[in-house]
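Now for the letters of each chain:
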Amino acid sequence: MNWKKWIVAFIVAAILVQVYDFVVFAKLTRDVERRSGLAFRPDISQWKVIFTSVVATLLFMLTYALFGKSRGYRLGTGLLFGVLMGFIPWIGNVYNRLLLANFTPSLYLAWAAGSWGSYVLTGIVSGLMYKE
Amino acid sequence: MNANRLLLSIVVLSVVANGYDFLVHNVLLKATYQAHQDLLNVPQRLGLLIFADIVWVILFCWFYAAFARGRGFRLSTGLWFGFFVGLIAGWMPQVYSRLVLAGFPIAFYISWGVSNLVRSLLLGAVIGRLYHER
């Protein structure tokens, strides 16, 4: 594993994912969240949300570095990795939709597609920046 | 990619995943769900939950077959794969739910986070034993 390349790629991805999350979850999907019957915490700790997002990015990129080698570290590999990894938590949102009352179809779509896009973005950055 | 082994893995993992979910959600967590019935859809759409499990397994197996070759198709590779997928796609979403949803009980966060991680590890172990390209 090339730690120097990995750390640079991780920092770039973490920053881009924060920007993406802000645009998608704090702006674009805010109305969908308000219209759903789910109650949101009035005192959401943004620092905890950011920290969680950074940890998720770190885990994703560690997994990419460990498993991406067989297909060669390049854009196509990162993109495929991000697309496939993103679809697994998408199913998690399907479970939420099926199990939780008030988890409306629009909230399901917003969260599933929003988080999928975040994984695809991380995959693209990984594919472009990480090499051994 | 070994199509026969992939298909076999999908069938076996689908059975294991649904059996595991039945045990966890219908037996072990029954009391937790009864205590929080107001948060849940009643009745549960069992057929769709089983179908969602199968789709999850297809993605998991396809992902493993596409990316695990570099580490060698073996038990330890499957376990590591399951561990990371379990953390990223199983545990982290529960952390988000706990952070932003007001009524999301800690019992759901812990039980869903842990059961998702264990399920992913279990499925990683099974595919690590079952799938190879020979």
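Data block above holds the structure.
About the thresholds
Residues numbered from 1 in each chain as written. Chains lettered and ligands numbered in written order. Predicted model: local features only at pLDDT ≥ 70, side-chain atom pairs only at ≥ 80, totals over all residues. Helix = DSSP H or I, 4+ residues; strand = E, 2+ residues; numbered from the N terminus. Buried ≥ 20, exposed ≤ 12 C-beta atoms within 10 Å, placed from the backbone. Contact = placed C-beta atoms within 7 Å. Axes fitted to C-alpha atoms, helices over the stretch in contact; angles between N-to-C directions. Parallel < 35°, antiparallel > 145°, perpendicular 65-115°, else oblique. Left-handed = near helix turned anticlockwise from the far one by under 90°. Nonpolar A, V, L, I, M, F, W, Y, C, P; charged D, E, K, R; others polar. Core = buried A, V, L, I, M, F, W, Y, C linked by C-beta atoms within 7 Å. Expected span 1.5 Å × (residues − 1).

*Asks:* What am I meant to see in the overall build of chain B here?
*Replies:* Of regular secondary structure, chain B possesses five helices and zero strands. Put simply, chain B runs from its N terminus to its C terminus through helices and strands in the order α-α-α-α-α. For the C-alpha atoms alone, the extent of chain B along its principal axes is close to 50 × 30 × 20 Å. Considering chain B as a whole, with its 134 residues, one finds that 35% of them fall into the buried category.

*Asks:* Explanation requested: the interface of chain B and chain A in the structure shown.
*Replies:* For an interface, size is often stated in terms of accessible area lost upon the parts coming together. In this assembly, 36 residues from chain B lie in contact with 34 residues from chain A. Elements represented by at least two residues in the side of chain B that touches chain A include exactly α3 (46-67) and α4 (75-100) of chain B.

*Asks:* For this particular structure, what's the right way to read the packing of helix α4 (residues 75-99) of chain A against helix α5 (residues 105-129) of chain A?
*Replies:* Residues and elements named next belong to chain A. α5 packs onto α4 with a crossing angle of 160 degrees between their chain directions and a minimal axis gap of 7 Å. Looking at the two axes, α4 sits roughly antiparallel to α5. Like other packed secondary-structure pairs, α4 and α5 cross with a definite hand, here right-handed. For the contact of α4 with α5, the class distribution of residues is 16 nonpolar, twelve polar and one charged.

*Asks:* Just to check I follow, could you spell out the nonpolar core for this structure?
*Replies:* In a soluble, globular protein the nonpolar side chains are often hidden away together inside. Within the largest apolar cluster, 61 residues are counted, with the highest numbers of intra-cluster contacts made by A:I88, B:L13, B:F60, B:C61, B:Y64 and B:I88. Residue assignment for this core shows that the elements contributing at least two residues are α1 (3-28), α3 (46-67), α4 and α5 of chain A together with α1 (3-28), α3, α4 and α5 (106-130) of chain B. Considering each element in turn, this core owes the most residues, nine residues, to α3(B). Excluding anything up to four places from it in sequence, B:I88 contacts A:A56, A:L59, A:F60, A:T63 and A:M85.

*Asks:* Quick question: what am I supposed to make of α1(B) here?
*Replies:* Because an α-helix packs 3.6 residues into every turn, residues spaced three or four apart end up facing the same way. Residues and elements named next belong to chain B. With 26 residues, α1 should reach 38 Å at 1.5 Å per residue; the first-to-last C-alpha distance of 36 Å fits that figure. Considered for burial, the residues of α1 that qualify are L6, S9, I10, L13 and A17. On its buried face, α1 sits against α3 and α5.

*Asks:* I'm lost on the environment of B:A66 in this one. Help?
*Replies:* Position of B:A66 relative to the elements: it lies in helix α3. Ignoring anything within four residues of it in the chain, the contact list for B:A66 reads A:L80 and A:L84.

*Asks:* Quick question: what am I supposed to make of the environment of A:F60 here?
*Replies:* Relative to the elements of secondary structure, A:F60 occurs in helix α3. Using a count of 28 C-beta atoms within 10 Å as the deciding quantity, one classes A:F60 as buried. A:F60 sits 59 residues away from A:Y119 along the chain, and the two C-alpha atoms are 8.1 Å apart. What A:F60 contacts, discounting residues up to four positions off in sequence, is A:M85, A:Y119, A:T122 and B:I88.

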